[in-house]
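Breakdown of the fold
Below, each chain spelled out in residue letters.
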Amino acid sequence: MEKLTVLITNPTVPIVAIKEMEEKGYNIKIVNKEDRAEILQKLPGTHGLWWASQLKLDKEILDAAGPQLKMIGVMSAGYNHVSLDELKKRGIKASNTPNVLNDAVADVAVLLSLAAGRRMTEARWAIENNQWVNNEWKWMVGQDVRNSTIGIIGLGGIGFTTARRFKGFDVKDILYTGHKEKKEAAELGYKFVDLDALLAASDFVIVAVPLTAETQGFCDAAFFKKMKKNAVFVNISRGPVVDQPALINALKTGEIFAAGLDVMTPEPLPPDHELLKMPNVVVLPHIASATNHTRDGMAILTMQNLHRGLTGQPLLTPIVE
Ligand code: DGY
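Please read all numbers here as calculations on a predicted model, not as lab measurements. (Residues numbered from 1 in each chain as written. Predicted model: local features only at pLDDT ≥ 70, side-chain atom pairs only at ≥ 80, totals over all residues. Heavy atoms only, no water.)

Moving on: the sheet that holds strand β4 (residues 71-74). Judged by pairing direction, the sheet is mixed, and its 6 strands sit side by side in the order β2-β1-β3-β4-β5-β13 without closing on themselves. Each edge of the sheet is formed by a strand with only one pairing partner; in this case those strands are β2 (27-30) and β13 (318-320). In this sheet, adjacent strand axes meet at a mean angle of 20° when their direction is disregarded. Contacting β1 (5-8), β2 and β3 (48-51), helix α1 (residues 15-23) runs over the sheet at an angle of about 145° to β2. (Pairing = 2+ DSSP bridges. Helix = DSSP H or I, 4+ residues; strand = E, 2+ residues; numbered from the N terminus. Axes fitted to C-alpha atoms, helices over the stretch in contact; angles between N-to-C directions. Contact = heavy atoms within 4.5 Å.)

Right, dumping it as structure tokens:
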């Protein structure tokens, strides 16, 4: 029987998963670095594609692979960088890696809420600039989480896990908005409200929606104007969900208190970017899912899906079937 070839677009994928694919009888090819030209060059003849990259997975990539390409394992929860229509046209199946990263990303949602609310960037700069003040009672005071209202936009797996984390902080209310009310959320006391009500009431606003045509630019100038002046804005979804100039303006003019961002535009953020010079912004380099356990889980799920897709079994976490 012909040995099927799987191309992995990232050399740092856990070696255990690669070994297991080899043991299952696949011929594995690996791209040495995140380099579109190298991916294009190695693609011809590939049956399965392990897409461990935020590069666009589009017509050019699929054309380069050839008609034998049958299955793509996208190694992220978000798949806004994948042209689903092109896959459907060609009958190519695809999977992503939801849920395995809920805990790690929810941890970062909490981390950014606390860090931005407690003025982490500014506090650190004060030490570095020899401006540590000892005799001012309310120096560097920030926002309390206890008794606060948490507003979560998008109560999917990540949003839900984030809500659960916040319960442990003795918050007053957990509000959420989205397409529909969720029964299991109501049972836990989370309140389903419309966006305006959420923005008007929340002390921490956490964005956990996927990037789609509907959510692109969703957090715009009008959105920030509706937030409370003491409120902290946290984004753990995708940068383009936010109208970034509008966010920067809201932070500069005091329309909102602070922001914690794991995602932004562009990524990687240039080191001289304005966001990095703002005292009321905490920025992370899109590392919310970056824990050993989570990254291994994402690799194993991708591997399982690829094998299932290439052997005619139903995918565990399909995005195109
Ligand atoms: C995801 O999986 O979507 C995370 O943002 C990591 O890219």
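To continue, consider the UniProt feature "domain: D-isomer specific 2-hydroxyacid dehydrogenase NAD-binding" (unreviewed entry) in the protein chain. The positions UniProt marks with the feature "domain: D-isomer specific 2-hydroxyacid dehydrogenase NAD-binding" (unreviewed entry) are residues 112-288. In the segment residues 112-288, helix accounts for 30% and strand for 15%; the C-alpha atoms at its two ends are 10 Å apart. (UniProt positions renumbered as here; feature names shortened; annotations may be inferred.)

Taken domain by domain, the protein chain comprises domain 1 (5-98 + 292-320) and domain 2 (102-283). For domain 1 versus domain 2, the separation of C-alpha centres amounts to 32 Å. (Domains from an automatic or database assignment.)

Once that is clear, we can look at the UniProt feature "domain: D-isomer specific 2-hydroxyacid dehydrogenase catalytic" (unreviewed entry) in the protein chain. Listed under "domain: D-isomer specific 2-hydroxyacid dehydrogenase catalytic" (unreviewed entry) in the UniProt record, and renumbered for this structure, are residues 7-318. Secondary structure content for residues 7-318 is 36% helix and 14% strand, and the end C-alpha separation is 19 Å.

This brings us to the packing of helix α5 (residues 102-117) against helix α7 (residues 157-167). Orientation of α5 relative to α7, taken along the N-to-C sense of each, is 55°, at an axis distance of 8 Å. Taken together, the axes of α5 and α7 are oblique relative to one another. In the crossing of α5 with α7, the sense of the turn from one axis to the other is right-handed. Residues N102, D103, V105, A106, D107, A109, V110 and S113 of α5 lie in contact with α7, whose contacting residues are G157, I158, T161, T162, R164, R165 and F166. Grouping the constituent residues of the contact of α5 with α7 by class yields 6 nonpolar, 5 polar and 4 charged. (Parallel < 35°, antiparallel > 145°, perpendicular 65-115°, else oblique. Left-handed = near helix turned anticlockwise from the far one by under 90°. Nonpolar A, V, L, I, M, F, W, Y, C, P; charged D, E, K, R; others polar.)

Per the stated rule, a full pass over the model turns up 1 cavity of 30 Å³ or more. Size it by volume and the largest cavity reaches roughly 30 Å³. Lining the largest cavity are N235, G239, V242, Q244, L247, L261, V263 and M264. (1 Å grid on protein atoms, 1.4 Å probe; cavity = no way out; pocket = protein on both sides within 12 Å on 5 of 7 lines; lining within 4 Å. Points joined across faces, edges and corners; volume = space filled by probe spheres on them.)

Turning next to the environment of K33. Assignment of secondary structure puts K33 in the loop between β2 and α2 (36-42). K33 sits 64 residues away from T97 along the chain, and the two C-alpha atoms are 21 Å apart. Those residues in contact with K33, other than ones at most four positions away along the chain, are P11 and E38.

Reading across the sheet, the 7 strands line up as β8-β7-β6-β9-β10-β11-β12 and stay open at both edges, with parallel pairing between neighbours. Each of the sheet's edge strands pairs with one partner strand only, and the pair in question is β8 (191-192) and β12 (281-283). Strand direction decides the pairing type here: strand β6 (residues 149-153) and strand β7 (residues 173-177), joined by 5 bridges, are parallel. Following the sheet pairing, I153 is matched in β7 by T177.

The next subject is the site of the ligand. Around the ligand, the neighbouring residues are Q54, S76, A77, G78, L101, R238, H286, S289 and M298. Between an oxygen atom of the ligand and a side-chain N or O atom of R238, the distance comes to 2.6 Å. In the complex, 86% of the free accessible area of the ligand, which totals 230 Å², lies under the protein chains. (Near = heavy atom within 4 Å. Polar contact = N/O pair within 3.5 Å; in protein donor to acceptor, adjacent residues only side chain to side chain. Areas by Shrake-Rupley, 256 points an atom, 1.4 Å probe, with all protein chains shown as cover.)

Moving on, we come to the nonpolar core. Ranked by size, the top nonpolar core spans 49 residues in total, and within it V6, W50 and I236 carry the most contacts. If you tally residues by element for this core, the top one is α5, at 7 residues. When we break this core down by domain, the ones giving at least three residues each are domain 1 (5-98 + 292-320) and domain 2 (102-283). Once you skip the residues sitting within four places of it in the chain, V6 turns out to touch M21, Y26, N27, I28, K29, G48, W50, L306 and L310. In terms of nonpolar packing, the next biggest core, distinct from the first, is built from 30 residues, C219, I248, M278 and V281 among them. (Core = buried A, V, L, I, M, F, W, Y, C linked by side-chain atoms within 4.5 Å. Buried < 20%, exposed > 50% of the residue type's maximum accessible area, 1.4 Å probe, protein only.)

The residue Q143 is located in the loop between α6 (120-128) and β6 in this model. Judged by its relative accessible area of 18%, Q143 falls in the buried class. Setting aside chain neighbours within four positions, we find Q143 in contact with G117, R118, F204, N230, V232 and F257.

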